[in-house]
Amino acid sequence: MGTLLGLTVANVKSLARDRAALFWTIFFPIMFVFLFGWIFGGSGGSKISVGFVDQDGTQASGGLRQALAGVTLLSLHDGTLDAEKAAMQHGDVSAVIVVPKGLQDAFVQARTGNAASIAVQVYGDPSQNQTTQVVQGAVAQVANGFNLAALGGSAILTVSQLTLQSTSISSVAYLVPSILAMALMQLGIFAAIPLVQQREKGILKRIGATPLARWKLVGSNVLLRLMVAIVDAVLIIGIGFAVFNVHIVGNLLEVGAIVLLGSASFLAIGFALASFLKTEEQAQGVVQVVQLPMMFLSGIFFSFDFLPGFLQTVARFLPLTYLGDALRQVMVNGAQVAPLGADLAILAGWLVVCLGISARSFRWE
Amino acid sequence: MTQGSELVIRVADLKKHYGDVRAVDGVTFEVARGEVFGMLGPNGAGKTTTIEVLEGLRPPDSGTVEVLGLDVLRHPQSIKQRIGVQLQSVSLYPRLTVTELLDLFGSFFNHHVPTKQLIDAVDLGERAHAWAMNLSGGQQQRLSIALALVNDPELVFLDEPTTGLDPQARRSLWDLIRGLQDKGTSVMLTTHYMEEATELCNRVAIMDHGHILEMGAVSDLIGRRFRERAVFFDSNPKLPMELLARLGGVSRAAQEEGQTVLYSNDVPGTVGALLATADEVSVEPRNLGIRQATLEDVFLDLTGRALRD
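Within each chain, residues carry numbers counting from 1 in the order of the written sequence. Each chain takes a letter, starting from A, and each ligand takes a number, starting from 1, following the order in which they are written. Predicted model: local features are reported for residues with pLDDT of at least 70 only, side-chain atom pairs are reported and counted for 80 or more only, and whole-chain, interface and lining totals are derived from all residues. The basis for every side-chain value is the complete set of non-hydrogen atoms in the structure, without hydrogens or water.

(A) A look at the overall build of chain B. By definition, any uninterrupted DSSP run of H or I lasting at least four residues is a helix, any uninterrupted run of E lasting at least two residues is a strand, and each is numbered from the N terminus. Along chain B, the regular secondary structure elements total 11 helices and 14 strands. When accessible area is computed with a 1.4 Å probe and restricted to protein chains, residues below 20% of their type maximum are described as buried, those above 50% as exposed, and intermediate ones as partly exposed. Looking at chain B as a whole, 52% of its 309 residues are labelled buried. The long-range fraction of contacts in chain B, counting pairs at least 24 apart against all pairs at least 6 apart in sequence, stands at 66%. Between two residues, a contact is recorded if the distance between any of their heavy atoms is within 4.5 Å.

(B) Layout of the packing of helix H8 (residues 218-225) of chain B against helix H11 (residues 295-303) of chain B. All names here are of chain B. Every axis corresponds to a line fitted to the C-alpha atoms, with the helix fit spanning only the stretch in contact, and the corresponding angles, defined between N-to-C directions, vary from 0 to 180 degrees. Following both chains from N to C, one finds H8 and H11 inclined at 50°, their axes separated by 9 Å at the closest point. When the interaxial angle is binned, H8 and H11 end up oblique. For the element pair H8 and H11, the recorded crossing hand is left-handed. Of the residues in H11, those touching H8 at Val218, Leu221, Ile222 and Arg225 are Leu295, Val298, Asp301 and Leu302. As a working rule, the residues Ala, Val, Leu, Ile, Met, Phe, Trp, Tyr, Cys and Pro are called nonpolar, Asp, Glu, Lys and Arg charged, and the rest polar, with Gly in that last group. Within the contact of H8 with H11, the residues separate by chemical class into 6 nonpolar, no polar and 2 charged. Any angle that is under 35 degrees is reported as roughly parallel, and any over 145 degrees as roughly antiparallel; angles of 65 to 115 degrees are reported as roughly perpendicular and all others as oblique. Handedness of a crossing is defined here by the sense of rotation of the near helix relative to the far one, left-handed for an anticlockwise turn of less than a right angle and right-handed for a clockwise turn.

(C) Broad picture of the interface of chain A and chain B. At the junction of the two partners, chain A supplies 23 residues and chain B supplies 26 residues. By buried area we mean how much accessible surface two parts lose on assembly, using a 1.4 Å probe and totalling the loss over both. A buried area of about 2300 Å², summed over both sides, lies between chain A and chain B, and 60% of it is on carbon and sulfur atoms. Three residues, Arg17(A), Arg206(A) and Pro211(A), lead the burial of chain A against chain B; their summed loss comes to 32% of the area buried on that side. Salt bridge, as used here: a side-chain nitrogen of Lys or Arg that lies within 4 Å of a carboxyl oxygen of Asp or Glu. At the surface where chain A touches chain B, the tally comes to 4 salt bridges.

(D) Highlighting the sheet that holds strand E1 (residues 48-54) of chain A. Residues and elements named next belong to chain A. Any two strands are treated as partners once DSSP identifies two or more bridges connecting them. Here 4 strands make up an open sheet; going across it, the order is E2-E1-E3-E4 and the pairing mixed. Two strands lie at the open edges of the sheet, namely strand E2 (74-78) and strand E4 (121-124), each paired on one side alone. Going across the sheet, the axis of each strand differs from the next one's by a mean of 25°, ignoring polarity. One ladder, built from 5 bridges, connects E1 with E2; its direction is parallel. Bridge pairing in E2 places phenylalanine 52 opposite aspartate 78. Lying on the sheet, helix H3 (residues 59-69) is in contact with E1, E2 and strand E3 (95-99); it crosses E2 at an angle near 145°.

(E) Seen up close, the sheet that holds strand E14 (residues 286-291) of chain B. Residue and element names in this part refer to chain B. A sheet is described by the order of its strands in space; here 4 strands give the open sequence E12-E13-E11-E14, paired in antiparallel fashion. In the strand order of this sheet, the two ends are held by strand E12 (250-256) and E14, each with one partner. Averaged over all neighbouring strand pairs, the angle between strand axes comes to 20°, with direction disregarded. Where strand E11 (residues 229-234) lies against strand E13 (residues 259-264), 5 bridges are found, and the strand directions are antiparallel. Its bridge partner being in E13, alanine 230 is matched across the sheet by tyrosine 263.

(F) Geometry of the domain arrangement of chain A. Examined at the domain level, chain A breaks down into domain 1 (2-41 + 171-361) and domain 2 (48-151). Annotation comment: domain bounds sourced from an automatic or database domain assignment. Measuring from the centre of the C-alpha atoms in domain 1 of chain A to the corresponding centre in domain 2 of chain A gives 49 Å.

(G) Up close: the domain arrangement of chain B. For chain B, the assigned domains are domain 1 (7-222) and domain 2 (227-291). Each of domain 1 of chain B and domain 2 of chain B was reduced to a C-alpha centroid, and the two centroids are 43 Å apart.

(H) Focus on the pairing of E1(A). Residues and elements named next belong to chain A. For E1, the buried fraction is high: 5 of the 7 residues fall into the buried class. Assignment of crossover handedness uses the view with strands pointing away from the viewer, where a clockwise path from the first strand over the helix to the second indicates a right-handed crossover. Assessed by its sense of winding, the connection that carries the chain from E1 through H3 to E2 is right-handed. The sheet contact formed by E1 and E3 spans 5 bridges and is parallel. Its bridge partner being in E3, glycine 51 is matched across the sheet by valine 96.

(I) Region of the structure containing the side chain of Arg225(A). Residue and element names in this part refer to chain A. Along the polypeptide, arginine 225 turns up in helix H10 (residues 214-244). For the buried arginine 225, which has no salt bridge, the nearest side chain bearing the opposite charge is aspartate 232, at an N-O separation of 8.4 Å. In terms of polar contacts, arginine 225 uses its side chain to reach the backbone carbonyl oxygen of leucine 187, at 3.0 Å. Residues within four places of arginine 225 in sequence aside, it is in contact with Thr25, Leu187, Phe190, Ala191, Pro194 and Leu267. Charge counting treats Lys and Arg as positive and Asp and Glu as negative, with His and both chain ends excluded. Polar contact is the term for a pair of N or O atoms within 3.5 Å; when the atoms are in protein, one must be able to donate a hydrogen and the other to accept it, and sequence-neighboring residues count only if both atoms are side-chain atoms.

Right, here's the structure in full:
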């Protein structure tokens, strides 16, 4: 056990002193979290900036504003109609809500039994249909509430809000588990490179000439990578939470177990690759050929459903699809590609098959 | 035979083939405790394959291979505890320091020498905390030998320990290897430097194409083949060869690398006759000298080829 620990420490030191390796195993995935976080998160979280123009200036219009401000999706920005339209043209706000003069009068008329109607206007950009619909929906909901209250009735049909993250919207919450899956995939597959390097340089052979048991040599490599996997997971989840407000809904122990299983599966793939590669240059190339398409085809950066049919078929063969899926299900309750049990079984299958290949084909020199 | 206590290596009819390549094709030799045994030969002769079979890194195809009295196939672990191994051109974990590497390798063995003592033995004190990748070629080679000594081995294998080193670094390694012999460690080394074998080895085996061509003490190998010594000189114009071949004591006359060489059983007689003959034709022999045959000559004689990198 002491030698296993000693070798692992030697591996940790070697990694910590190798800036290039450190960059790829730890800083690269973190960079991805920030990059995607900023791209998809926007500056004010996921809120939509909306201009609010109050031309009525009464208690009623104030109440309407308060109700709209209570909609968590919206962030209101008050101003005159001209100023808000200009702001929208600049892209500072995504829509403008205009409350015309006469709102309060209309309510007063309605209470006294006279027919009255007034329209709240919503300016939207047709090129940002989704955003406009969200704003119109929110305004319509608030308006309905006002109508009901004005008529003294109570709502018969209400909508109760339940949370269920949907994969159809790109969001940081979708991407954090994906980036973690990417990091674990690369961590495992990139393990082929130092192995091939150590074989090419004769380090494996030299150690083979000592009484050290070979499983300890392999074991120390596995331990190192699993430790880095945990570090990656803590950093990625931590930054996702602290900076981009992505909450983990699942059990952290479950997340940890999936992280370890996923890392082990990709490590086995890395070992299996190393069994067939002779030179470090070869390894550098082949590792990229394996990991780059996998990164883009396995639906970790966009929903699986967005892939065209034949690519979905390809994706169904890639282990990264299932690691991403499992992490998403447990971490943020994302929509599933396959049931969690199936995800884990497929990862375990890759682990067993690749370990078998490595055991048969790995050469020490 | 009760050779166990005396022999550290016993190899009988060892064969190791790779496909059609007969890397080692029936090799037999023994090394006694305390001996420095050298295996000489050009690249591809089968030296490294032989030594790697002895180290337990490759299984032999056939033949008997015993190290420290133990069969290499049946007791690889016990053998590995007691031998030291230095492989050809291995660069170790490049970002570990000399001290860290020696500590790490020491931990692989049941017993190991204190790291400080090893560092002093190979004179790496000033570089104890330098990364392996930042050592010079000679320092890396010394580190590699220190790693081979980490378990205080009874028998050390050194595979071309001085290849690629400058003459000064080579001499400092020779001192190190002599020091090993002085404390009773047996050494088996391979080299393609004849001078190295002459300097260090009690006995050598000359190997080529997977066979041992000749084996014995360096002086015996030379004496067995070359009773005569060589008288060499330059002259302008050259003296006729048939005239030189008839001089007293000369067994053979040759032109080698621009020099005239007379192989002679009677050096004073040959030199006297040469000077007299030269005087008659008014030619002055320059750079006249006498030398003993070397291992290089033995190799040339055995294989018809010069032994160079």
